[in-house]
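Close look at the chain arrangement
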Amino acid sequence: INTPTRGIGSTTVDRLVSLARQSGVRVIDLLLDPAATATLGRGAAKLDEFAALLRGLKAAAAMQPLAAVEFVLGRSGLRAMYADSGEADDSPATNLDELLNAAAAFQGDNPEAVLADWLEYAALVSDVDAIEDARQAVTLMTLHAAKGLEFDCVYMIAMENGLLPFHRGSENRGDEEEERRLCFVGMTRARKRLTLSLARYRMTRGATARTTRSPFLDELPKSLVEWAETEPSPAPTYSPRSNRERLPNDIEEWSAGTLVRHPVQGLGQVMGIERGAKRTVVDVLFQDGSRRKWMLEFADLTRVGFEEVGE
C-alpha cells in the first residue's frame, strides 16, 4: 500500500485493518469506501488517492498482456521507483524486464489475448508441463522447476560461488541454508548419474571474471565423488571490438530522434544513446507509450527512415 512511497504510514494502515476487522469486511472493500476511510483521520486523503489508483488499474484487465503490464508498472509508480533505486543490472528492475518479455512472448503467440488470459495461462501452466518424456531429449530447467521430478542423468552447471549459492548482496545465513537445500534438491533428481560442473571464467553483463568453486562442493563425501579436471586454459580476452561488431552497420547514423523498429514493441524513437567502451545503451520511446533501455549490441532493433513510416 505504501510501495512506492505514498505518504501512508503504518499507523494509518493499522487503523484501516482494525476498522475492517471491527466492521467484518475485507480491507479492500473498506479502502474503496470513501465514507468509511473518512473516519481514519489525517491519513484518509492518502487512502482515497490509493483507492483511486486501484480503480484506475482495473482498466488493465481488458488490455493485451504487454500493454497491461506496461500500464500497471507506469501507473503504480513501480517502474520509476526501481529505475531510481541506483542498483544497476542486478535489481528488481531486471525482473520487471523479464516480466515484460514473458508478456510479449505470450502475446506474440496469442494476438487476441488479454491480461486475464495470460494470468490464467501462467497459473495453470508450469515449466514441468512442457516436459515430453517420449522425445528422449535433454530437458533444461531451473532447480525450482525440477522439484518432484527424476531423471537417469542430471547435469548441474555453474557450481560457482555467487551462483550456487547465489549472492544477493547480503550475507544472510538463512539464504545460504535455503540455497543448500535447493542444491540438494537438484542432486537428488538423479537416479543413476550426477555430473556437477563449473567454469574457471564466466562472462557476466559483458565483463569476464575468474570464478571460485561453490563451497557446497567441499561438503560432498569425498569417497562418493569422482573428480575430473580439464586442461588449464588461459583467461579469455575480449576486446571492446568484439561488442562493436554486434552493432548495426549504420550505427554512425543513429542519434536522438532516430526512428527504429522492434519485432514486438513496434515503431519507436530513440530518446538517447550512451556510448561506452564495452557497450552502447539505447533509450527508446515506443508508440504505445512504453519506454525501454537496451544494450544496442544485443537489441533486435533496426533503423527505419521517415519515408518508410509514411508508407
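Located above this text is the structure these notes cover.
This is a predicted model, so every value here is computed, not measured.

Here we have five strands laid out as an open sheet, ordered S8-S7-S6-S5-S9, and antiparallel in their pairing. Edge positions in the sheet fall to strand S8 (291-295) and strand S9 (302-304), since each of these pairs with one other strand and no more. Going from strand to strand, the sheet's axes swing by 40 degrees on average, the running direction of each strand aside. One ladder, built from seven bridges, connects strand S6 (residues 266-275) with strand S7 (residues 280-286); its direction is antiparallel. Paired with Ile-273 across the strands is Val-282, a residue of S7.

Once that is clear, we can look at helix H4 (residues 44-57). Between its first and last C-alpha, H4 extends 20 Å over 14 residues, near the 20 Å set by a 1.5 Å rise per residue. Within H4, burial applies to Ala-44, Leu-47, Phe-50, Ala-51, Leu-53, Gly-56 and Leu-57. Where the residues of H4 are buried, they touch helix H1 (10-23), helix H2 (27-31), helix H3 (34-37) and helix H5 (65-76).

So, on to unusual backbone geometry. Geometrically, the link from Thr-3 to Pro-4 is a cis peptide bond, its omega value of -5 degrees lying close to zero. Looking at where Pro-4 falls in the secondary structure, it is placed in the segment before H1. Along the chain, Leu-164 connects to Pro-165 via a cis peptide bond; the corresponding omega equals 5 degrees. Here Pro-165 is to be found in the loop between strand S1 (151-156) and helix H9 (173-187).

Where H4 contacts H5, the axes come no closer than 11 Å and their chain directions differ by 170 degrees. Between H4 and H5, the interaxial angle falls into the category roughly antiparallel. Every residue of H5 that contacts H4 at Leu-53, Gly-56 and Leu-57 is listed here: Phe-71, Val-72, Arg-75 and Ser-76. Looking at the contact of H4 with H5 residue by residue, the class counts come to four nonpolar, two polar and one charged.

Calculation notes
- Within each chain, residue numbers correspond to sequence positions counted from 1 in written order.
- Owing to the predicted nature of the model, reporting of local features is limited to residues with pLDDT of at least 70; listing and counting of side-chain atom pairs is limited to 80 or more, with chain, interface and lining totals taken over all residues.
- Side-chain measures here rest on the full set of heavy atoms in the structure, leaving out hydrogens and waters.
- Between any two strands, pairing holds if DSSP finds at least two bridges.
- Counting from the N terminus, the helices are the DSSP runs of H or I reaching at least four residues and the strands are the DSSP runs of E reaching at least two.
- Between the N-to-C directions of two axes lies an angle of 0 to 180 degrees, each axis being a line fitted to C-alpha atoms and, for a helix, fitted only over the stretch in contact.
- Every helix has an expected span of 1.5 Å times one less than the residues it contains.
- Three exposure classes are used, based on accessible area relative to the maximum for each residue type with a 1.4 Å probe and protein chains only: buried under 20%, partly exposed in between, and exposed over 50%.
- Only heavy atoms matter for contacts: two residues are in contact if any of them lie within 4.5 Å across the pair.
- When describing relative orientation, an angle under 35 degrees is termed roughly parallel and one over 145 degrees roughly antiparallel, while 65 to 115 degrees is termed roughly perpendicular and anything else oblique.
- In this classification, Asp, Glu, Lys and Arg are treated as charged, Ala, Val, Leu, Ile, Met, Phe, Trp, Tyr, Cys and Pro as nonpolar, and every other residue, Gly included, as polar.

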